[in-house]
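Residues per chain, in single letters:
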Amino acid sequence: MFEKIQNIEAAYKEVRRIAIIAICSCTLMGIVAHGYHYAKIKRMQNQIYVLADGKVMQAYTSSRSAHIAVEAEDHIRNFHQYFFRLDPDGKQIKNGVGKALYLADYSAKKTFDDLSKQGYYTKIISSNTSQRITIDNIQLNLNQHPYSFRCYATQESITSGSIVTRNLITEGQLRTVSRSKQNLHGFLIENWKVIAYKDLKTQYHKQP
């Protein structure tokens, strides 16, 4: 009888041991599965799809801090392209400068108003002048917000008779704002001003 009782106890212990092992195994598998699915969901959240030229393309998101310098420089570059790349067309000038003003504060609007009062844009239209700008260098200080910057560029004023090349230097600050359709990078240029604008050379076209 005692032998049967001992066998029953031994069997019970064995069953309990197996049950504990099974429970621990299931728990471990659950933790691993949860971690795997969580990592997969995070990867999926970092994937976005964009439509470009009628084709669906996959892209990946990342934290703003990882690419803040690239985005800031592109914001500055876009602003200057919109503001200074002009053709002798009133509608084009309005559209281009309008896009630039979405990227900056009142300081850019004041510069635009001052140039308008001086007849700057009227002269571009009447003389059939096209202006092109090349960004040579952008110095950006990300150690303190708002971020100060200085932009070095070369501008060309092109007419039927000549090309005037000018040196252009501007400076200002970048403040972080919400992204929008008109402001994709989520920065606002503040206290912007032109600190150098001088002729470098004039190239005359040869007349036939």
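Predicted model only: the values in this text are computed from it and were never measured.

What counts, and at which threshold
- Position labels on residues start from 1 in each chain and follow its written sequence.
- Note on the predicted model: pLDDT of at least 70 is required for a residue's local features to be given, and 80 or more for side-chain atom pairs to be given and counted; whole-chain, interface and lining totals, by contrast, use all residues.
- As a convention, hydrogens and water are excluded, and side-chain values are obtained from all of the structure's heavy atoms.
- Planes of paired rings set the category: under 30 degrees apart is stacked, over 60 is edge-to-face and the rest tilted, where pairs are Phe, Tyr or Trp rings (Trp by its six-membered ring) whose centres lie within 6.5 Å.
- Buried means the residue's accessible area, taken with a 1.4 Å probe over protein chains only, is under 20% of the maximum for its type, while exposed means over 50%, and partly exposed covers the values in between.
- Strands are runs of DSSP state E lasting at least 2 residues, helices are runs of H or I lasting at least 4, and numbering of each runs from the N terminus.
- Any two strands with at least two DSSP-identified bridges between them are counted as paired.
- Should a side-chain nitrogen of Lys or Arg be within 4 Å of a carboxyl oxygen of Asp or Glu, the pair is scored as a salt bridge.
- Here, axes are lines fitted to C-alpha atoms. For helices the fit covers the stretch in contact, and angles between N-to-C directions go from 0 to 180 degrees.
- Contact criterion: two residues are considered in contact whenever any of their non-hydrogen atoms come within 4.5 Å of each other.
- In this analysis the probe radius is 1.4 Å and the grid spacing 1 Å, with only protein atoms considered; a cavity is a set of points the probe fits into but cannot get out of, a pocket is an open set with protein on both sides within 12 Å along at least five of seven lines, and lining residues have an atom within 4 Å of a point.
- Grid points are joined across faces, edges and corners, and a volume is the space filled by probe spheres set on the points.
- Three categories are distinguished: nonpolar for Ala, Val, Leu, Ile, Met, Phe, Trp, Tyr, Cys and Pro, charged for Asp, Glu, Lys and Arg, and polar for the others, with Gly belonging to the last.

Remark: the centre distance and the inter-plane angle together describe each pair of aromatic rings, the angle taken between the planes. Inspection of the entire model under this criterion finds seven aromatic pairs. Both rings, one in Phe 112 and one in Tyr 121, keep their centres 5.2 Å apart while their planes meet at 45 degrees; by these two values the pair is tilted. Among the residues examined, Tyr 121 registers a relative accessible area of 7% and is labelled buried. An aromatic cluster is defined as three or more aromatic residues linked by ring pairs; in this entry it consists of Phe 79, Phe 83, Phe 84 and Trp 192.

The side-chain alternation of strand β4 (residues 147–158) yields one buried face, formed by Tyr 147, Phe 149, Cys 151, Ala 153, Gln 155 and Ser 157, and one unburied face, formed by Ser 148, Arg 150, Tyr 152, Thr 154, Glu 156 and Ile 158. Alignment of strand β3 (residues 130–141) against β4, held across eleven bridges, turns out to be antiparallel. Opposite Ser 130, over in β4, you have Ile 158 as the bridge partner. Connecting β3 to the next strand, β4, in antiparallel fashion are five residues. The antiparallel pairing of β4 with strand β5 (residues 162–176) creates a hairpin that spans three residues between the two strands.

Inspection of the entire model under this criterion finds eight salt bridges. Linking Glu 171 and Arg 150 is a salt bridge whose minimum nitrogen-to-oxygen distance equals 2.6 Å. With a gap of 21 residues between them, Glu 171 in strand β5 and Arg 150 in strand β4 connect regions that are remote in the sequence. Among the ionic contacts, a cluster of salt bridges with common partners joins Arg 150, Glu 171 and Lys 193.

On to the sheet that holds β4, then. Strand order in this open sheet of four strands is β3-β4-β5-β6, and the pairing throughout is antiparallel. Edge strands, defined here as strands with exactly one partner in the open sheet, are β3 and β6 (187–204). Along the sheet, successive strands turn relative to each other by an average axial angle of 15 degrees, direction set aside. Running over the sheet, helix α2 (residues 68–84) touches β3, β4, β5 and β6 and is turned about 155 degrees from β3.

Of the consecutive residues His 145 and Pro 146, the connecting peptide bond is found in the cis state with omega at 0 degrees. Note that Pro 146 resides in the loop between β3 and β4. A positive phi angle, near 55 degrees, is found at Asn 128, a position not held by glycine. Here Asn 128 falls in the exposed class, since its relative accessible area comes to 53%. Located in the positive-phi region is Asn 191, a residue other than glycine, with phi close to 50 degrees. Structurally, Asn 191 can be placed in strand β6. Its relative accessible area of 41% is what places Asn 191 among the partly exposed residues.

Looking now at the side chain of His 75. Mapping His 75 onto the fold places it in helix α2. Residue class for His 75 comes out buried when judged on its relative accessible area of 1%. Discounting chain neighbours no more than four positions away, the residues touching His 75 are Leu 103, Leu 174, Asn 183, His 185, Phe 187, Leu 188 and Ile 189.

Let's shift gears to the layout of surface pockets. Its volume calculated, the largest pocket comes out at about 250 Å³. Taken together, 13 residues make up the lining of the largest pocket; nearest its centre are Lys 123, Thr 129, Gln 131, Ser 157 and Arg 166. For the lining of the largest pocket, the elements supplying multiple residues, two or more each, are α5 (120–126) and β5. Counted by class, the lining of the largest pocket contains four nonpolar, seven polar and two charged residues. Volume-wise, the second largest pocket comes out at about 160 Å³. Lining the second largest pocket are Asp 74, His 75, Asn 78, Tyr 82, Lys 99, Tyr 102, Leu 103, Lys 181, Gln 182, Asn 183, Leu 184 and His 185. Residue classes in the lining of the second largest pocket are distributed as four nonpolar, five polar and three charged.

None of the figures reported here should be taken as evidence of function without further support.
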